[in-house]
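# Structure at a glance
Listed below are the residues making up each chain.
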Amino acid sequence: MFAAYAAFRLWKQNTQLRDLARKTPPFENFQQLISLHEGVKTSGPAALAVSLVDTTNSMKPQVDQLLRSKGWPMPIEELTMDGIKCTADLEQLVNSLRDKRRYFESIGCTELHLFIQGPVQAGTIIGCLYRNWIPVKLYHRPTPQQLHVYKYWMPLL
């Protein structure tokens, strides 16, 4: 009897979730949303340069160059790792990202400009840890790569 009730409740919940997903409207004016967040919009911006590849020691000089060229004075924090090779490295990444978030909160950061060099999975982890927080703005290196150039991509939605 209990199993039948639990199955019914789960079926009903799944039906409600599917209906909700169908009713979710698509993004409208996506380009406007991206443009709205471009640049520095608050009084306490900061930058985070995350390099998770073993071929690059530091991204901080390139990030600093971009921020100076835009006239955006802000502190730049850096997180570098010699690649992600095992679960211990993943644990170190998650703990380091949490430490950085606490640091940004302690200095009163009101928006974060995020530069990532590493595997896509690491970007997913960062997105999960930094979502629903402060405005996070994503930057990327365009293809073909231009020397020391990053471009604004979009906000972390």
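What counts, and at which threshold
- Residues numbered from 1 in each chain as written.
- Predicted model: local features only at pLDDT ≥ 70, side-chain atom pairs only at ≥ 80, totals over all residues.
- Heavy atoms only, no water.
- Core = buried A, V, L, I, M, F, W, Y, C linked by side-chain atoms within 4.5 Å.
- Buried < 20%, exposed > 50% of the residue type's maximum accessible area, 1.4 Å probe, protein only.
- Helix = DSSP H or I, 4+ residues; strand = E, 2+ residues; numbered from the N terminus.
- Contact = heavy atoms within 4.5 Å.
- Phe/Tyr/Trp six-rings, centres within 6.5 Å; stacked < 30°, edge-to-face > 60°.
- Salt bridge = Lys/Arg side-chain N within 4 Å of Asp/Glu carboxyl O.

## Quick notes on the nonpolar core
- One finds L112 and F115 to be the most contacted residues of the largest nonpolar core, which totals 33 residues.
- Put simply, the parts of the chain that give this core at least two residues each are β1 (45–51), α3 (60–70), β2 (76–80), α4 (87–106), β3 (111–117), α5 (120–130), β4 (136–140) and β5 (151–155).
- Sorting elements by how many residues they give to this core places β1 first, with five residues.
- Excluding anything up to four places from it in sequence, F115 contacts A47, L48, A49, V50, M59, V63, L66, Y139 and Y150.

## Observations regarding the packing of aromatic side chains
- Overall, the coordinates contain six aromatic pairs when judged by the stated rule.
- Centre to centre, the rings of F115 and Y139 are 4.5 Å apart; their planes meet at 20°, and the pair counts as stacked. Taken together, the residues F115 in strand β3 and Y139 in strand β4 connect sequence positions 24 residues apart. For the pair F115 and Y139, a shared accessibility class is recorded, and that class is buried.
- Each residue in the set F115, Y139, Y150 and Y152 is aromatic and connected to the rest through ring pairs, giving one cluster.

## Overview of the pattern of salt bridges
- Counted under the stated rule, the structure contains six salt bridges.
- For the salt bridge of K100 with E77, the shortest nitrogen-to-oxygen distance reads 2.8 Å. Residue K100 is located in helix α4, and its partner E77 is located in strand β2; the two are separated by 23 residues in the primary sequence.
- Relative accessible area serves as the criterion here: at 14%, K100 is assigned to the buried category.
- The shortest N-O distance in the salt bridge between K137 and E111 comes to 3.2 Å. Of this pair, K137 sits in strand β4 while E111 sits in strand β3, placing them 26 residues apart in sequence. Per residue, the accessibility class of K137 equals that of E111, and both read buried.

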